[in-house]
Amino acid sequence: MYDVIVIGGGPGGYVAAIRLAQLGKKVAIIEKEHLGGTCTNKGCIPTKALLTAAHLYTDIISKSKKLGVKVDNVSYELSGIMKHMNKSVTMSRKGIEYLMKKNNIDVFKGTGEIIDKKHVKVNDEIIESEYLILAHGSIPSMFPPFNDVEGIWTSDDVFKMTELPDSIVIIGGGVIGVEFATFFASLGKKVHVVELADHILPFEDEDVAQEVKKSLIKKGVKVYEKTKVKDVKKDENYIVVAESENGEIELIADRVLLAVGRRPNIPEDVKKLSVTIERGVVTDNTMKTNIDNIYAIGDIRAKIMLAHVAMFEGIVAAHNIAGEKMEMDYSAVPSIIFSSPEIASTGLKEKDLDPDKIIIGKFPVSANGRARTMEERDGFAKVIADKETKKVLGFAVVSPSATDMIMEGVLAVKHGLTVEEIANSIHPHPTLTETILGAFEDAEGMALHI
């Protein structure tokens, strides 16, 4: 008998289990594959390991001579890159396994089949608990005509490759598509990106997306926006037929990668529980479903499918199960993209706001002293604030290390800080964070360095 059974050992599930154990609960977690879920094993960690290798290779090629470093015969070896990726995954996975032992959480490896709202069957054993947390995660989206053609890749398949394709068509210019386009193009491969929306990264503001588009084009990537795939065929190569504003186009490549996002993993036993489902499992802001003792977190909800969101949802669910009232606040969720340059944003977007009611402050990376020492010029920081109150509504940064710099914007949005409060905070010099300072100064109409 357990207090809580968590089904799914991804970032949401394992964090919920740890917090519950810290709150004095007896916890079991069920995972059919490896602890860490998609993020650790088929998503965040392996992707960033690949991109780290690609960025290093690109930097050596493009910057070494400018920085006075002599490097001859630079090359890369895919097997070495994949070895680094697998090591990163294994270390992260083992770290989570250690945390389960440290917190006395019982781990069941297998598929958890829900019998009823208090019983779960795993490996021919039925275990019981007072509460269930559904953390089943998500799977890559696959649909016609792609699932009718042999060998179409999803993100899962990239991590299994033993050789690099010389050319690839990536369907989808969102986060996954842009990150993989960055990887393959950085290693000198011919890349096409096909995006249905008006611009790649459609959830970001257009100026942010355009900065990354320019960088991809510099790497030789062909970007097709407002373009719909009509057909995919396989002969000696893959042939992708698409319709653009300028008419029909035909793209030929060694591989096709479908990167149009993920869909929630909702098995039949979850549906039989009679939890409310609207694309994903519906919860309130305490993460409770319509059934009192059942909670749901992470990608199974089909809302904001990000590992760090799932983690915090796990924390919120744990505290509510333990009797401590806590609710999710989605107003300042950081979105991060490991493109080149990186992208990070939070809060509201300029495209969704009345231009007459906001003020915008921007500062270019090219005017930042630290960026010059790094031979970096592309990107900017942007702040969006309310015209009357000067409270920060949204923030975006396109820059080297943008993913590490976003928390200043997250805290500003979450706590309702004003432009003046950030601008009056001393930022260290010379650092990339001065780009952020410059954007806030510009929002005040008092930019010093542009």
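Definitions and cut-offs
Residues numbered from 1 in each chain as written. Predicted model: local features only at pLDDT ≥ 70, side-chain atom pairs only at ≥ 80, totals over all residues. Heavy atoms only, no water. Helix = DSSP H or I, 4+ residues; strand = E, 2+ residues; numbered from the N terminus. Buried < 20%, exposed > 50% of the residue type's maximum accessible area, 1.4 Å probe, protein only. Contact = heavy atoms within 4.5 Å. Lys, Arg positive; Asp, Glu negative; His and termini not counted. Charge placed at Lys NZ, Arg CZ, Asp CG, Glu CD. Salt bridge = Lys/Arg side-chain N within 4 Å of Asp/Glu carboxyl O. Pairing = 2+ DSSP bridges. Axes fitted to C-alpha atoms, helices over the stretch in contact; angles between N-to-C directions. Patch = residues over 30% accessible without salt bridge, like charges linked within 9 Å, V, L, I, M, F, W, Y side chains within 5 Å. Areas by Shrake-Rupley, 256 points an atom, 1.4 Å probe, with all protein chains shown as cover. Left-handed = near helix turned anticlockwise from the far one by under 90°. Nonpolar A, V, L, I, M, F, W, Y, C, P; charged D, E, K, R; others polar. Arc of directions from axis to C-beta. Core = buried A, V, L, I, M, F, W, Y, C linked by side-chain atoms within 4.5 Å.

## A closer look at the overall build of the protein chain
Okay, so step 1: In terms of helices and strands, the protein chain carries 14 helices and 23 strands.
Okay, so step 2: Counting only C-alpha atoms and orienting by the principal axes, one finds that the protein chain spans roughly 65 × 60 × 45 Å.
Okay, so step 3: Counting the 450 residues in the protein chain, one finds 52% classified as buried.
Okay, so step 4: Across the protein chain, contacts joining residues at least 24 apart in sequence account for 63% of those joining residues at least 6 apart.
Okay, so step 5: Distance between charge centroids for the protein chain: 3 Å, based on 55 positive and 65 negative side chains.

## Concerning the pattern of salt bridges
Okay, so step 1: Per the stated rule, a full pass over the model turns up 22 salt bridges.
Okay, so step 2: For Lys48, the salt bridge is made with Glu179, and the minimal N-O distance between the two is 2.9 Å. Remark: Glu179 occurs in helix H6 (residues 175-186) and Lys48 occurs in helix H3 (residues 44-63); sequence separation between them is 131 residues.
Okay, so step 3: Relative accessible area serves as the criterion here: at 4%, Glu179 is assigned to the buried category.

## What about the sheet that holds strand S19 (residues 335-337)?
Okay, so step 1: In space, the five strands of this open sheet follow the order S19-S20-S23-S22-S21, with antiparallel pairing throughout. The strands lining the two open edges of the sheet, one partner per strand, are S19 and strand S21 (358-364). Across the sheet, the mean angle from the axis of one strand to that of its neighbour is 10°, orientation sign disregarded.
Okay, so step 2: Looking at chain direction, strand S20 (residues 342-347) and strand S23 (residues 392-399) are connected through six bridges and run antiparallel. Residue pairing for S23: Gly347 is matched across the bridge by Gly394.
Okay, so step 3: Helix H7 (residues 206-218) rests against S20, S21, strand S22 (380-386) and S23 of the sheet, and its axis sits at about 175° to S22.

## Digging into a nonpolar patch on the surface
Okay, so step 1: Together, Leu67, Val69 and Val71 make up an exposed nonpolar region whose accessible area comes to about 240 Å².
Okay, so step 2: Of note, Val71 is situated in the loop between H3 and helix H4 (78-102).

## Description of unusual backbone geometry
Okay, so step 1: Each neighbour pair has its own omega, and for Pro144 with Pro145 the value is 5°, a cis peptide bond.
Okay, so step 2: With respect to the element layout, Pro145 can be found in the loop between strand S7 (138-140) and helix H5 (155-158).
Okay, so step 3: A cis amide bond links His429 with the next residue in sequence, Pro430, at an omega value of -5°.
Okay, so step 4: Structurally, Pro430 can be placed in the loop between helix H13 (419-423) and helix H14 (433-443).
Okay, so step 5: If you check the backbone angles, Ala302 has positive phi at about 60° while not being a glycine.

## Describing the packing of H3 against H4
Okay, so step 1: At a minimum axis distance of 9 Å, the contact between H3 and H4 shows a crossing angle of 145°. Once H3 is placed against H4, the crossing between them reads as right-handed. Residues Ile45, Pro46, Ala49, Leu50 and Ala53 of H3 form the contact with H4, whose own contacting residues are Ile81, Met82, His84, Met85, Ser88, Val89 and Ser92.
Okay, so step 2: Its residues assigned to classes, the contact of H3 with H4 shows nine nonpolar, three polar and no charged.

## Notes on helix H12 (residues 407-414)
Okay, so step 1: Those residues of H12 that sit buried are Gly409, Val410, Ala412 and Val413. Mapping the buried residues of H12 onto a view down its axis gives an arc of 165°, with all of them on the same face.
Okay, so step 2: Contact partners of the buried residues in H12: S20, S23 and H13.
Okay, so step 3: Once H12 ends, the next one or two residues include Gly416, with phi positive near 65°.

## Considerations on the pairing of S20
Okay, so step 1: Across the six residues that make up S20, a large majority, five, are buried.
Okay, so step 2: Note: S19 against S20, three bridges, orientation antiparallel. Following the sheet pairing, Ser335 is matched in S20 by Ser345.
Okay, so step 3: The hairpin formed by S19 and S20 contains four residues between the paired strands.

## Details of H14
Okay, so step 1: Of all eleven residues in H14, nine are buried, a share of seventy percent or more.
Okay, so step 2: Here H14 has its buried residues at Glu434, Thr435, Ile436, Leu437, Gly438, Ala439, Phe440, Glu441 and Ala443.
Okay, so step 3: Along its buried surface, H14 packs onto S21, S22, S23, helix H11 (402-405), H12 and H13.
Okay, so step 4: Trailing H14 by a residue or two, Gly445 shows a phi angle of about 80°, which is positive.

## Looking at the nonpolar core
Okay, so step 1: Core analysis: the largest hydrophobic core is formed by 41 residues, its most contacted members being Leu50, Met161, Ile170, Phe183, Phe184 and Val191.
Okay, so step 2: Residue assignment for this core shows that the elements contributing at least two residues are H3, H4, strand S8 (167-171), H6, strand S9 (190-194), H7 and S23.
Okay, so step 3: It is H6 that contributes the most residues to this core, six residues altogether.
Okay, so step 4: Excluding its chain neighbours within four sequence positions, the residues that come into contact with Ile170 are Gly177, Phe180, Ala181, Val191, His192, Val193, Val194, Leu257 and Ala259.

These figures come from the coordinates and say nothing about function on their own.
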